[in-house]
Amino acid sequence: MRAGILLAAALSLMLLFVLPSQAFAAEVLQVRSATLLQIGDRNRNYSVQLACVQVEPEDEQRAQDWMRRELPRRRRVNLRPEGSADGVLLARVTPIGDDLDLGAALVNEGLAQVTCPGA
């Protein structure tokens, strides 16, 4: 467990400092909650939290169902890292071929609220 947290933290730091303004493609392995994804990139997998959005508990199931429809297993996505928290990468996630950030789409669907000023 600790090794996984350290790996996620190292990956987050690498993404923030080596590729700060770039997006990179990864593959969705699992939608774990309305805002938490399990992502695979080559031989690694890690958790990614959608940046700047929050889902209320009463909307969690509807939002999670919506995310699962939008992100079937193996769907490729671009990640734009925003930071990390507790070993989890915070990122804006956009499915390849779509223009809309998933966090913004959840807000547009009325299933989430924006948590970052100016986002």
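Our structure's up above, just so we're on the same page.
In this text the structure is predicted, and so the values were computed from the model without any measurement.

Conventions used here
- Residues numbered from 1 in each chain as written.
- Predicted model: local features only at pLDDT ≥ 70, side-chain atom pairs only at ≥ 80, totals over all residues.
- Heavy atoms only, no water.
- Helix = DSSP H or I, 4+ residues; strand = E, 2+ residues; numbered from the N terminus.
- Buried < 20%, exposed > 50% of the residue type's maximum accessible area, 1.4 Å probe, protein only.
- Contact = heavy atoms within 4.5 Å.
- Areas by Shrake-Rupley, 256 points an atom, 1.4 Å probe, with all protein chains shown as cover.
- Disulfide = S-S within 2.5 Å.
- Pairing = 2+ DSSP bridges.
- Arc of directions from axis to C-beta.
- Core = buried A, V, L, I, M, F, W, Y, C linked by side-chain atoms within 4.5 Å.

Caption draft 1: Structural context of the overall build of the protein. Per the secondary structure count, the protein includes three helices and seven strands. Residue burial in the protein is summarised as follows: out of 119 residues, 43% are buried. Residue pairs at least 24 apart in sequence account for 57% of intrachain contacts in the protein once pairs closer than 6 positions are excluded. Only carbon and sulfur atoms are counted for the fraction: they give 50% of the accessible area of the protein, which is about 6,800 Å².

Caption draft 2: Main features of the state of the cysteines. For the structure on display, the rule yields one disulfide. Paired through a disulfide, Cys52 and Cys116 show a sulfur-sulfur distance of 2.0 Å. Note on the Cys52 and Cys116 pair: the S-S dihedral is about -85°, so by sign convention the disulfide is left-handed. Taken together, the positions of Cys52 in the loop between strand E3 (44-50) and strand E4 (53-54) and Cys116 in the segment after strand E7 (113-114) put the pair 64 residues apart, joining distant regions of the chain.

Caption draft 3: Molecular detail of the pairing of strand E6 (residues 88-95). A large share of E6 lies buried, amounting to seven of its eight residues. Of the strand pairs in this sheet, E3 and E6 are connected by three bridges, and their pairing is parallel. The residue bridging Gln49 from the neighbouring strand is Leu90, located in E6. Pairing of strand E5 (residues 76-85) with E6 involves eight bridges; the strand directions are antiparallel. Within E6, the position partnered with Pro81 by the bridge is Ala91.

Caption draft 4: Examining the environment of Leu79 more closely. Within the secondary structure, Leu79 sits in strand E5. In sequence terms Leu79 and Thr94 are 15 residues apart; their C-alpha atoms lie 6.7 Å from each other.

Caption draft 5: Local environment of helix H2 (residues 60-70). Restricting attention to buried positions, one finds in H2 the residues Ala63, Gln64, Trp66 and Met67. End-on, the buried residues of H2 take up no more than an arc of 160°, which puts them together on one face. Exposed and oriented more than 90 degrees from the buried face of H2 are Arg62 and Arg69.

Caption draft 6: The environment of Pro117, seen in detail. Turning to its location among the elements, Pro117 is positioned in the segment after E7. The exposure class assigned to Pro117 is exposed, which follows from its relative accessible area of 82%. Along the backbone, Pro117 and Cys52 are 65 residues apart, and their C-alpha atoms lie at a distance of 8.5 Å.

Caption draft 7: Examining the nonpolar core more closely. With 25 residues, the main nonpolar core has Ile39, Met67 and Leu79 as its most contacted residues. For this core, the elements supplying multiple residues, two or more each, are strand E1 (24-31), strand E2 (36-41), E3, H2, E5, E6 and helix H3 (102-108).

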